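# Structural features, examined
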Amino acid sequence: MNIQFKKGVLEICVLSVLAHKDCYGYELVGEISKRIDISEGTIYPLLRRLKDEGYVTTYLQESVEGPPRKYYRLTESGRTEEHDQKEEWMRFASSVNALLEGTTDAAD
Amino acid sequence: MLQTEQEYIRILRSRLEGTLPHDELDDILSDYTEHFRIGKANGRSEEELFCSLGSPEDVAREIRATHFVKKAEDTRSCRNIFHAVLATLGLGLFNLVFVLIPFILLVVLLFVVFILGIVFTVLGPVAFIYSVLQIAGIPAFAIWLSPAAGVFFSIGITSFGLLLVLGDYYLAKFFYRIGIRYLKWNIGVISGTECVT
């Protein structure tokens, strides 16, 4: 699929995963790349931007094996943003789907 | 090229050193070191991890672009916005059309309006002196219907010129703000190549 296309929706994907649970970077990358094929390295710069915008905070937590890991957590404004973007996406996606289905019907 | 953790970190560091403050650079590198560490603990090879991370050059370009756009947002200056535009160009050829050309057009527009404003502002006093000379009876080309009209006209034209310069200033501020928002959006959407496994 088109890279530009995927990158555009990456932000809502990251926000959405974090809305369910706090994640460390590797875990978050795994959750996303499980479903979307993307250059995983670009998720970290995105996380930094989300942190700058105040949508996400980080904290360190000890892990069973090895040194502490950096966890990402959604802030209040991050939750609001996630909610808004999700709604916007849902509306957009259903409109596109309706259009696509419409055109195939006409072609048939 | 070797696709090792060391190489990945080395490329990132060399591309970002001198641009970012040290603590920020260390923080970024530690994210990737952690990624490799956990990945390896999960039994993946460095090469595999390198490849799914994608090109470190692209990551560095994106971080640079973000850094310069943020800098231009925090401190407004021609220099900073110029750096931000340059850094965004690195994200893909795409941006020659979607960033560079609009940027040049805007700069030209703002410049032309500024020059026009200055010309009108300067033209006013010139017309004023001209009219005064006419009133004083010193022969000059009769360009006005009456010298008195010339005086009013000169005041008008200077006011118009000053208004243009002032308007240009607010226009520049407006485009600066919109431009920053656009560049931020652009960084989130435009990306370089993808690693093919």
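Residues numbered from 1 in each chain as written. Chains lettered and ligands numbered in written order. Predicted model: local features only at pLDDT ≥ 70, side-chain atom pairs only at ≥ 80, totals over all residues. Heavy atoms only, no water.

Next up on the list: the overall build of chain B. Helix and strand content of chain B: 7 helices and 0 strands. Written out in order from the N terminus, the α and β elements of chain B read α-α-α-α-α-α-α. Expected size for 197 residues packed as a compact globule is a radius of gyration near 16 Å; at 28 Å, chain B overshoots this value by more than 25%. Projected onto the principal axes, the alpha-carbon positions of chain B cover approximately 95 × 30 × 25 Å. (Helix = DSSP H or I, 4+ residues; strand = E, 2+ residues; numbered from the N terminus. Rg over C-alpha atoms; globule rule 2.2 N^0.38 Å.)

In terms of regular secondary structure, chain A is built from 4 helices and 3 strands. If you list the helices and strands of chain A from N to C, you get α-β-α-α-β-β-α. Of all 108 residues assigned to chain A, the portion counted as buried reaches 41%. Sequence-distant contacts, at least 24 apart, represent 49% of the contacts inside chain A between residues at least 6 apart. Accessible surface for chain A amounts to roughly 6,200 Å². Of this, 54% is attributable to carbon and sulfur atoms. (Buried < 20%, exposed > 50% of the residue type's maximum accessible area, 1.4 Å probe, protein only. Contact = heavy atoms within 4.5 Å. Areas by Shrake-Rupley, 256 points an atom, 1.4 Å probe, with all protein chains shown as cover.)

Take the interface of chain A and chain B next. Taken together, the contact pairs 26 residues of chain A with 32 residues of chain B. Across the chain A/chain B interface, buried area totals approximately 2,600 Å², and carbon plus sulfur atoms make up 48% of it. On inspection of chain A and its partner chain B, the count reaches 6 salt bridges. Between Lys-70 of chain A and Asp-27 of chain B there is a salt bridge; the shortest N-O distance is 3.5 Å. Joining chain A to chain B, the criterion identifies 12 residue pairs in polar contact (both at pLDDT 80 or more). (Buried area = accessible area lost by both parts, 1.4 Å probe. Salt bridge = Lys/Arg side-chain N within 4 Å of Asp/Glu carboxyl O. Polar contact = N/O pair within 3.5 Å; in protein donor to acceptor, adjacent residues only side chain to side chain.)

This part is about the sheet that holds strand β2 (residues 56-61) of chain A. In a beta sheet, neighbouring strands pair by backbone hydrogen bonds and run either parallel or antiparallel. What the 3 strands build is an open sheet, ordered β1-β3-β2 (chain A); its pairing is antiparallel. With one partner strand each, in any of the chains shown, β1 (23-24) and β2 of chain A form the two edges of the open sheet. Along the sheet face, helix α2 (residues 22-41) of chain B touches β1 and β3 (69-74) of chain A and points at about 110 degrees away from the line of β3 of chain A. (Pairing = 2+ DSSP bridges. Axes fitted to C-alpha atoms, helices over the stretch in contact; angles between N-to-C directions.)

Another point: the packing of aromatic side chains. Applying the stated rule across the entire model yields 12 aromatic pairs over all chains. Note on Tyr-8 of chain B and Phe-36 of chain B: the rings are 5.7 Å apart at their centroids and 65 degrees apart in plane angle, and the pair reads as edge-to-face. Of this pair, Tyr-8 of chain B sits in helix α1 (residues 5-16) while Phe-36 of chain B sits in helix α2, and the two are 28 residues apart along the sequence. Assessed through its relative accessible area of 0%, Tyr-8 of chain B is described here as buried. Aromatic side chains Phe-120 of chain B and Phe-160 of chain B sit 5.1 Å apart centroid to centroid with 70 degrees between the ring planes, which places their arrangement in the edge-to-face category. Highlighted residues: Phe-120 of chain B in helix α6 (residues 94-135) and Phe-160 of chain B in helix α7 (residues 147-189), separated in sequence by 40 residues. On the basis of relative accessibility, which here comes to 23%, the residue Phe-120 of chain B falls in the partly exposed class. Residue Phe-160 of chain B is classed as partly exposed on the basis of its relative accessible area, which comes to 41%. Clustering of aromatic rings is evident, with ring pairs tying together Tyr-44 of chain A together with Tyr-8, Tyr-32, Phe-36 and Phe-50 of chain B. The positively charged end of Arg-69 of chain A is found above the aromatic ring belonging to Tyr-24 of chain A, 4.4 Å away from the centroid. (Phe/Tyr/Trp six-rings, centres within 6.5 Å; stacked < 30°, edge-to-face > 60°. Lys NZ or Arg CZ within 6 Å of the ring centre and 35° of its normal.)

Next up on the list: the pattern of salt bridges. Where charged atoms from two side chains of opposite charge come close, those side chains can pair. The final tally for this structure, using the stated rule, is 19 salt bridges over all chains. Measuring nitrogen to oxygen at the nearest pair gives 3.3 Å for the salt bridge that ties Asp-27 of chain B to Arg-48 of chain A. One end of the pair, Asp-27 of chain B, is in helix α2; the other, Arg-48 of chain A, is in helix α3 (residues 43-52), on a second chain. Classification of Arg-48 of chain A by relative accessible area gives buried; the value is 18%. Taken together, the salt bridges that share partners define one network made up of Lys-21, Glu-27, Glu-31 and Lys-34 of chain A.

Attention now moves to the environment of Arg-76 of chain B. Residue and element names in this part refer to chain B. Mapped onto the fold, Arg-76 is located in the loop between α4 (56-74) and α5 (78-89). When the C-alpha atoms of Arg-76 and Leu-16 are compared, they prove to be 22 Å apart, with 60 residues separating the residues in sequence. Those residues in contact with Arg-76 that lie beyond four places of it in its chain are Lys-173, Tyr-176 and Arg-177.

This paragraph deals with a positive patch on the surface. A surface patch of like charges, here positive, comprises Arg-76, Lys-173, Arg-177 and Arg-181 of chain B. Structurally, Lys-173 of chain B can be placed in helix α7. (Patch = residues over 30% accessible without salt bridge, like charges linked within 9 Å, V, L, I, M, F, W, Y side chains within 5 Å. Lys, Arg positive; Asp, Glu negative; His and termini not counted. Charge placed at Lys NZ, Arg CZ, Asp CG, Glu CD.)

Another point: the confidence of the model for chain A. Residues at a pLDDT of 70 or more form 90% of chain A, whose mean pLDDT is 89. The least confident element of chain A, judged by mean pLDDT, is helix α1 (residues 3-20) of chain A at 85; the most confident is β3 of chain A at 96. (pLDDT = per-residue confidence, 0-100.)

This part takes up the pairing of β3 of chain A. Sheet faces and side chains relate simply in a regular strand, where the side chains alternate between the two faces. All names here are of chain A. Across the 6 residues that make up β3, a large majority, 5, are buried. As paired strands, β1 and β3 are joined by 2 bridges and run antiparallel to one another. In the sheet register, Cys-23 faces β3, and the bridge partner there is Tyr-72. Pairing of β2 with β3 involves 6 bridges; the strand directions are antiparallel. In the strand pairing of β3, Leu-60 is matched with Lys-70.

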